[in-house]
Amino acid sequence: MKRIEAIALAAEAAQAQSALLISNIGYPSRELFSVRDRPENFYMLGSMGLASSIGLGLALARPERKVMVLDGDGSVLMNLGTLASIANYAPENFKLVILDNCCYGSTGSQPTCTSLGTDLYALARAAGIEKVVQVDRAEELAMALTEECTVIAAKVEEGNAAVPIISLSPEEILERFKRCAQPAHLSGKSRL
Amino acid sequence: MIVCTMNPSLAVYQGMKRAGIDFVASVPCVNLQELLILIGSDPEIIHLPVTREEEGVGICAGAWMGGRRAALLMQNSGLGNCINALASLDMLYGIPLLMIISHRGGVGEPIVAQVPMGRLTVPLLDAISILHLEPQPAKAEETVCEAWSSAAADGRPVAVLLDLQFWRGK
């Protein structure tokens, strides 16, 4: 499956579940923006490695809202401690979808260690996460997105879709996302 | 036993409470242990011990987006681990963060490895334009509260640096 197909499935599931969706740096955010832009999408433009951490903090802050994170193999490898934190602290409203294309897709497809055998499914399990699902095909991913699981490790093809850069400023991304993510009693107040 | 008029850990905790901090991520320092116990036993505060300071920056950013007032507790050695996240997440989007930092490596430091980052902490914060405040224990409650107000008003991280003298109650 192509990554943009996986992203489209995740975005569709997020919309169906009214989930807040945190998206990883680089092409994944651009692909999400092009297939299904919503105010409930947070496009992470910098801070490589931290998409799952942002999602974890958000899921703990809003236990009544579903929070989904789109991450990549290179980014998870950069912040492997996140798997231990997720194992011990992630609430049930949190779901991490790792799109593993075995390379740093936004910088020229240099291979990551998952291309040499490092197994993110096994790492997530070994970190102590109980509900981990591994998928290869689109139908399996669509099914897993509706199931109660904490981590989905999805193999996707190398390569980026020809999509434009995100036409929103960081402030615009945050402002509209925050209106969706904050509890109603806070949404009228700016930054407090 | 010397009894201080103002317990430094309690003063910081009271400042956090006054500021309405209700979410904390932490990487420990020996000087933060009393404060971490106070925070850990407070049912109004969600506390996550994290694996690395940079991870804590991400978690706090997410918690703030969800309506929480978030603080990161750490040693200054961890500042170098989170510079990119402070700049390309918090400062890029305008996300506030209260950083409570045990500032090791100064006068009286027994561990030589703490000295380099001890010297570099203030220059690093200055280089990335993060406001830093260095209260004495008697002023800590007020300073911590003001630090959050400033972070929230400006949409950026603010650091409270607490050195070895501070933890000795001076």
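The paragraphs below set out a description of the structure included in this document. (Residues numbered from 1 in each chain as written. Chains lettered and ligands numbered in written order. Predicted model: local features only at pLDDT ≥ 70, side-chain atom pairs only at ≥ 80, totals over all residues.)

**Let's talk about the packing of helix α1 (residues 8–19) of chain B against helix α6 (residues 137–154) of chain B**
All names here are of chain B.
(1) Moving on: Where α1 meets α6, the closest approach of the two axes is 7 Å, and the angle between their N-to-C directions is 30°. With respect to α6, the element α1 is oriented roughly parallel. At the point where α1 passes α6, the crossing takes the right-handed sense. Residues Pro8, Ala11, Val12, Gln14, Gly15, Met16, Arg18 and Ala19 of α1 lie in contact with α6, whose contacting residues are Pro137, Ala140, Glu141, Glu142, Thr143, Val144, Cys145 and Trp148.
(2) Moving on: When the residues that make up the contact of α1 with α6 are grouped by side-chain class, the tally is ten nonpolar, three polar and three charged. (Axes fitted to C-alpha atoms, helices over the stretch in contact; angles between N-to-C directions. Helix = DSSP H or I, 4+ residues; strand = E, 2+ residues; numbered from the N terminus. Parallel < 35°, antiparallel > 145°, perpendicular 65-115°, else oblique. Left-handed = near helix turned anticlockwise from the far one by under 90°. Contact = placed C-beta atoms within 7 Å. Nonpolar A, V, L, I, M, F, W, Y, C, P; charged D, E, K, R; others polar.)

**Observations concerning the interface of chain A and chain B**
Where interface size is quoted, it is often the accessible area lost as the parts come together.
(1) Moving on: Contact with chain A, which involves 30 residues of that partner, is made by 28 residues of chain B.
(2) Moving on: Put simply, the parts of the chain that give the side of chain A that touches chain B at least two residues each are α3 (51–61), α5 (81–89) and α8 (170–181) of chain A.
(3) Moving on: Of the residues forming the side of chain A that touches chain B, the biggest block, eight residues, is contributed by α3(A).
(4) Moving on: Broken down by class, the residue content of the side of chain A that touches chain B amounts to 16 nonpolar, ten polar and four charged.

**Some points on unusual backbone geometry**
Residue and element names in this part refer to chain A.
(1) Moving on: Phi at Ser47 is positive, roughly 40°, even though this residue is not glycine.
(2) Moving on: Considering the arrangement of structural elements, one finds Ser47 in the loop between β2 (41–43) and α3.
(3) Moving on: Assessed through the 26 C-beta atoms surrounding it within 10 Å, Ser47 is described here as buried.
(4) Moving on: For Ser109, which is not a glycine, the phi torsion comes out positive at approximately 60°.
(5) Moving on: One can find Ser109 in the loop between β5 (103–104) and β6 (110–111).
(6) Moving on: When the 15 C-beta atoms within 10 Å are taken as the criterion, Ser109 is described as partly exposed. (Buried ≥ 20, exposed ≤ 12 C-beta atoms within 10 Å, placed from the backbone.)

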